[in-house]
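Okay, here's what each chain looks like letter by letter:
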Amino acid sequence: MSTPKPWEHAKSGEGSGTDPLAARFVESLSYDTRLYAADIRGSIAHAQMLDRVGMISRDDLAAIERGLREIQREIESAPAGPRAVGVRGAWPGWKIDLEDVHMCIEAALIEKIGEPGRRLHTGRSRNDQVALDLRLWLRDEAAPALHSALADLLDAFKDLARRCGPIVLPTYTHLQRAQPGTVGAECMAWWSMFARDANLCSQQETGEWGLMASPLGSGAVAGSLLPLDRHAAAQSLGFATPEQSSIDATASRDEALDFAYLLSRIAVHLSRLAEQWIIYCTTEFGFLKLGSAFTTGSSMMPQKRNPDMLELIRGRSANIIGALTGLLTLCKGLPLAYNRDLQEDKRLLFAAFDTTLDCIVMAARVVASAEFDQTRIDTAAGGLDRGYLDATALAEHLVLRGVPFRTAHQIVGSLVRECEATGRDALSQMKVDEFNAALHAAGFPKITIDRTVYDVLNAKNVAAAYKSAGHAGSGPGGYRDWLEADATHKELMEQAQASSERPGRDASTPAPAISAAAMQAAAPASLFGGEAEAVDPAARRNADAALIAAYQKVGRTLDDLPYTTDFDAMHSQFQGAGTGLTKRTALQRLQNLRKAGKLPPAGRAASTPPRISEDEETLLRELVIAMTGSLGQRDQLPYDPRFDGLVEAFNQQAGRELSPHDIWRLVAKLAK
Ligand code: ARG
């Protein structure tokens, strides 16, 4: 007979832990202990909220906080590691009969502090608890770890470009030789791909992408009769708002789906890299040599150097994509709200996360070991100039002399055929006269070309001659510009981290106050993604939470706020926090939050704007368009100094005395 579960005291009759198979079947402890830090942090926030609304006493709260922190220390100092279960040196509180991380921690707390521990679960269920824990873990542990591994990979590509950048090799389309490129340009291509993934990670960290409101306080499904303050709890955990629907909050795993998609996209990118470099490592290509630590021999064939690490990266992408498919299938057809099926989400998600992280780290090591070999590239497959890599360059050379591109394309096509017919395998083997004969035959007797044509023939010449931004060659506009961009990705991340503390990241951090750094983080440069990398995500989140809280307190819809005393009051509250946030930037941040669907609906309906005539409407429309270009840009108007001029112009020409607020309301109405 197993230990009675803490929540079973309320049940009549026997407990459910009587069948050993059922106990093993139902548990998730064997794979969910990694949620312990998130679980403890969520519990402390919940207890603080219970204290604030008078559901537990100050003393209860103090005991709960002390107990949970002790438990965290015990878990973290377990000799076998915090996550180990059922082995020597594991934290003794991990008891498989208690099913999961949540019950084990709560049971340990009750054992430690007695009755106050029995009050912690007030107004809460494991259903909102596990939904919360998963989001905290994704946002504060998984996404940053992934981001940091990606940053290393990104930097490895930059280093490779520094080592081997100028080496010229073919680029391919359809796996057929296309135009000349450089190793630096190839590095820039992989970098661009993984930089998009890193960006998505940082959006996970800020909650800009993914479903990131707080489920806490949703209870089992339908909420609670107790006066829970869900907003306060959400904000103390760094969420802008609580989830709107208790039913959906406990039923949804969209955050897991989004994250699994991100993992899958990374896996797909990694598998493309793996495939390409496996090909490069063949005898037929021979472009690339990997560090001997990352290749293996054969048990039978003594000469082999197999790119097993790359093959495993390519192969493991199957597991990761499988997890996404698994999660989608898990959620498909699931009725509202929580069903135990959802417990399987963690098995899939954690495995996919671990695999992806391993693959990124391994890829970074492989990239760091990679050496491209110009001599091999020059001789592979009959030579770098096999395949007429310079044909497009020759056509463009003719274009620069006035030949229409379509015609130039035909001329070069005929020259290639002539080369082939006369046993030559490169355009550079043709004479100037032959080029001119082809030009004249195509109907351009007045255009002649000279020996400068040879400057754009042969792969290496072409690689040096590209001009368009982002090209694959070696000259200005290509990978060197990207390389010279000053900071490494790691440095950018560190700067962002140093720019502000990360409140809410560990259990001992008190609820965040508005800090100057947080307000800086809300400044418009970061609003439109321009300097997103340089802003600490936690600081931005806190600033947003503060803005949203103030907005809700005023309870006036956003379009109704500009040029009101309500907004002035809101603004001076931010000023009071010692920030340089202007009215304009505060408003723009709110507008952006609204666009992102993060602004809760405000209570009070907008005031009705004054009536104006059709002529006056036309006048106003013209003035707005003159100032911003279109009515669609109206959000930029409030608190732009030019808006005062617009108000004055309107009143003067219409013979009116409307206030800036009235005019703003009219503009908002016009735009609708
Ligand atoms: N370990 C469980 C999970 O991951 C906790 C939820 C159990 N909830 C319940 N109503 N039985 O989903």
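Keep in mind that this is a model prediction, so the values were computed, not measured. (Residues numbered from 1 in each chain as written. Predicted model: local features only at pLDDT ≥ 70, side-chain atom pairs only at ≥ 80, totals over all residues. Heavy atoms only, no water.)

Novice: Would you mind showing me how to read the overall build of the protein here?
Specialist: Counting secondary structure elements, the protein contains 28 helices and four strands. Counting the 672 residues in the protein, one finds 53% classified as buried. The long-range fraction of contacts in the protein, counting pairs at least 24 apart against all pairs at least 6 apart in sequence, stands at 73%. Counting every atom, the protein has about 30300 Å² of accessible surface; 53% of that belongs to carbon and sulfur. (Helix = DSSP H or I, 4+ residues; strand = E, 2+ residues; numbered from the N terminus. Buried < 20%, exposed > 50% of the residue type's maximum accessible area, 1.4 Å probe, protein only. Contact = heavy atoms within 4.5 Å. Areas by Shrake-Rupley, 256 points an atom, 1.4 Å probe, with all protein chains shown as cover.)

Novice: So what exactly am I meant to see when it comes to the site of the ligand here?
Specialist: By nearness alone, every residue bordering the ligand is listed as Ser28, Asp100, Arg126, Asn127, Val130, Tyr338, Arg340, Gln343 and Lys346. At a separation of 2.3 Å, an oxygen atom of the ligand approaches a polar side-chain atom of Tyr338. Note that an oxygen atom of the ligand is positioned 2.7 Å from one of the side-chain N or O atoms of Lys346. When the ligand sits alone it has 340 Å² of accessible area, and the protein chains cover 85% of it. A total of three residues in the shell around the ligand trace back to one element, the largest contributor, which is helix H7 (residues 126-164). Of the residues that constitute the shell around the ligand, the class distribution is two nonpolar, three polar and four charged. (Near = heavy atom within 4 Å. Polar contact = N/O pair within 3.5 Å; in protein donor to acceptor, adjacent residues only side chain to side chain. Nonpolar A, V, L, I, M, F, W, Y, C, P; charged D, E, K, R; others polar.)

Novice: Got a minute to help me understand the packing of helix H8 (residues 183-206) against helix H11 (residues 254-280) in this structure?
Specialist: Direction vectors running N to C along H8 and H11 enclose 165 degrees, while the axes themselves pass 10 Å from each other. Judged by the angle between their axes, H8 and H11 are roughly antiparallel. Crossing of H8 over H11 shows left-handed handedness. Across from Glu186, Trp190, Met193, Phe194, Arg196, Asp197, Leu200, Cys201 and Gln204 in H8, the residues of H11 making contact are Asp258, Phe259, Leu262, Arg265, Ile266, His269, Leu270, Arg272, Leu273, Gln276, Trp277 and Tyr280. (Axes fitted to C-alpha atoms, helices over the stretch in contact; angles between N-to-C directions. Parallel < 35°, antiparallel > 145°, perpendicular 65-115°, else oblique. Left-handed = near helix turned anticlockwise from the far one by under 90°.)

Novice: Just checking my understanding: could you explain unusual backbone geometry for this structure?
Specialist: The phi torsion of most residues other than glycine is negative, and most of the peptide bonds are trans. Of note, the amide linkage connecting Leu336 to Ala337 takes the cis form, showing an omega dihedral of -10 degrees. Summarising the element assignment, Ala337 is placed in the loop between helix H12 (308-331) and helix H13 (344-369). A positive phi angle, near 80 degrees, is found at Glu99, a position not held by glycine. Mapped onto the secondary structure, Glu99 falls in the loop between helix H4 (58-76) and helix H5 (101-113). A relative accessible area of 6% places Glu99 in the buried class.

Novice: Where do I start with the pairing of strand S2 (residues 176-182) in this structure?
Specialist: Along any regular strand, the residues point their side chains to alternate faces of the sheet. The pairing of strand S1 (residues 168-173) with S2 spans five bridges and is classified as antiparallel. The residue bridging Val168 from the neighbouring strand is Thr182, located in S2. Linking S1 back to S2 in an antiparallel pair, the connection comprises two residues, with His174 at a positive phi of about 60 degrees. (Pairing = 2+ DSSP bridges.)

Novice: So what exactly am I meant to see when it comes to the nonpolar core here?
Specialist: Nonpolar side chains in soluble globular proteins tend to end up buried together. With 117 residues, the main nonpolar core has Leu153, Phe157, Phe259, Trp277 and Phe372 as its most contacted residues. Among the elements that line this core, the one with the most residues is H7, at 17 residues. Core analysis: the next-biggest nonpolar cluster, separate from the first, contains 38 residues, Val554, Leu590, Leu599 and Leu670 among them. (Core = buried A, V, L, I, M, F, W, Y, C linked by side-chain atoms within 4.5 Å.)

Novice: So what exactly am I meant to see when it comes to the side chain of Glu205 here?
Specialist: Mapped onto the elements, Glu205 comes out in helix H8. Here Glu205 falls in the buried class, since its relative accessible area comes to 4%. Engagement of the side chain of Glu205 in a polar contact is seen with the side chain of His147, the distance being 2.8 Å.

Novice: Got a minute to help me understand a nonpolar patch on the surface in this structure?
Specialist: Taken together, Val221, Ile247 and Leu336 make up a surface patch of nonpolar side chains, about 260 Å² in accessible area. Mapping Leu336 onto the fold places it in the loop between H12 and H13. Residue classification places Leu336 among the exposed residues on the basis of a relative accessible area of 67%. (Patch = residues over 30% accessible without salt bridge, like charges linked within 9 Å, V, L, I, M, F, W, Y side chains within 5 Å. Salt bridge = Lys/Arg side-chain N within 4 Å of Asp/Glu carboxyl O.)

Novice: Looking at this structure, how should I read the packing of aromatic side chains?
Specialist: For any pair of aromatic rings, geometry is given as the distance between the ring centres together with the angle between the planes. Tallied over the entire structure, the rule returns 18 aromatic pairs. Measuring from centroid to centroid gives 6.5 Å for Phe157 and Trp277, while their planes differ by 75 degrees, and the two rings are edge-to-face. With a gap of 120 residues between them, Phe157 in helix H7 and Trp277 in helix H11 connect regions that are remote in the sequence. Taken individually, Phe157 and Trp277 each receive the classification buried, so the pair is uniform in this respect. Clustering of aromatic rings is evident, with ring pairs tying together Phe157, Tyr172, Phe194, Trp277, Tyr280, Phe285, Phe287 and Phe372. Over the ring of Phe239 we find Arg139; its NZ or CZ atom is 4.6 Å from the centre of that ring. (Phe/Tyr/Trp six-rings, centres within 6.5 Å; stacked < 30°, edge-to-face > 60°. Lys NZ or Arg CZ within 6 Å of the ring centre and 35° of its normal.)

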